[in-house]
Amino acid sequence: ILEMFVLTPYFRREFSFQNNIYWGAYSQLGNSPSTIISSFFVHPAEVFKVIASETNYNYVKDLFGPVIALAFYSPQILFLGFPIFMQNLLSSSAAQHTIYFHYSAPLIVFIFLAVINTWEIFQRHFRLKVVSFALVFFIPDFAIGLRLNR
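Here the focus is the pattern of salt bridges. In total, this model carries one salt bridge according to the counting rule given. Taking the shortest distance from any N to any O, the salt bridge between Lys 49 and Glu 46 comes out at 3.6 Å. Pair noted here: Lys 49 and Glu 46 are both in helix H3 (residues 44–51), with a separation of three residues, about one helical turn. Among the residues examined, Lys 49 registers a relative accessible area of 56% and is labelled exposed.

Residue placement: Ser 74 occurs in the loop between helix H5 (68–71) and helix H6 (75–78). Here Ser 74 falls in the buried class, since its relative accessible area comes to 0%. There is a polar contact of 3.2 Å between the side chain of Ser 74 and the backbone oxygen of Ala 114. Residues contacting Ser 74, with those up to four places away along its chain left out, are Ala 114, Asn 117, Thr 118 and Ile 121.

This paragraph deals with the packing of aromatic side chains. Going through the model one piece at a time under the given rule, you end up with five aromatic pairs. When the ring of Tyr 59 is compared with that of Phe 85, the centres are 6.4 Å apart and the planes differ by 20 degrees; the resulting orientation is stacked. Residue Tyr 59 is located in helix H4 (residues 54–64), and its partner Phe 85 is located in helix H7 (residues 82–90); the two are separated by 26 residues in the primary sequence. Judged by its relative accessible area of 1%, Tyr 59 falls in the buried class. Exposure remark for Phe 85: the relative accessible area of 16% places this residue in the buried category. Centroid distance Phe 64 to Phe 85: 6.3 Å. Interplanar angle 80 degrees. Geometry classified as edge-to-face. Highlighted residues: Phe 64 in helix H4 and Phe 85 in helix H7, separated in sequence by 21 residues. Ring pairing ties together the aromatic residues Tyr 59, Phe 64, Phe 72 and Phe 85, which thus form one cluster.

Conventions we followed
Residues numbered from 1 in each chain as written. Predicted model: local features only at pLDDT ≥ 70, side-chain atom pairs only at ≥ 80, totals over all residues. Heavy atoms only, no water. Salt bridge = Lys/Arg side-chain N within 4 Å of Asp/Glu carboxyl O. Helix = DSSP H or I, 4+ residues; strand = E, 2+ residues; numbered from the N terminus. Buried < 20%, exposed > 50% of the residue type's maximum accessible area, 1.4 Å probe, protein only. Polar contact = N/O pair within 3.5 Å; in protein donor to acceptor, adjacent residues only side chain to side chain. Contact = heavy atoms within 4.5 Å. Phe/Tyr/Trp six-rings, centres within 6.5 Å; stacked < 30°, edge-to-face > 60°.

This is the structure in structure tokens:
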């Protein structure tokens with residue numbers, strides 16, 4: 001917040017606050033920070049329409065890949081990356097809807113930590129051997145991931 005509202009405007013004095021290039025990425029939700037935030041409460045259907053686009057569906061498939069089911073067994077870890085995830089989903093910038101640019105890099109950490117945490121939980125609670133665990137969870141999860149990527 002300090003960077004967005006204090007440091008950036010200070011070093012970009014020649015540009016007005018409204019012309020900040022970052023707000024333009026969310027222009028489908030509003031043209032200023034206050035209208036963008038208020039659109040979540042005033043027009044939730046429009047926000048949902050932006051989130052539920054086909055582009056975002058493909059982005060989620062690519063981002064989570066074959067570990068999609070395992071990652072969601074540890075939502076407390078995925079929640080830590082939720083602000084970055086929503087930033088990418090709500091952006092109108094095409095680069096933020098693909099795994100081929102740096103915007104998704106921080107999310108990969110949370111996805112893998114969630115999968116590792118799920119692995120630990122299942123081993124601890126079910127006392128499965130590694131091979132049994134892989135057969136029961138990873139192979140079906142991989143199949144689901146492959147099916148989604150068709």
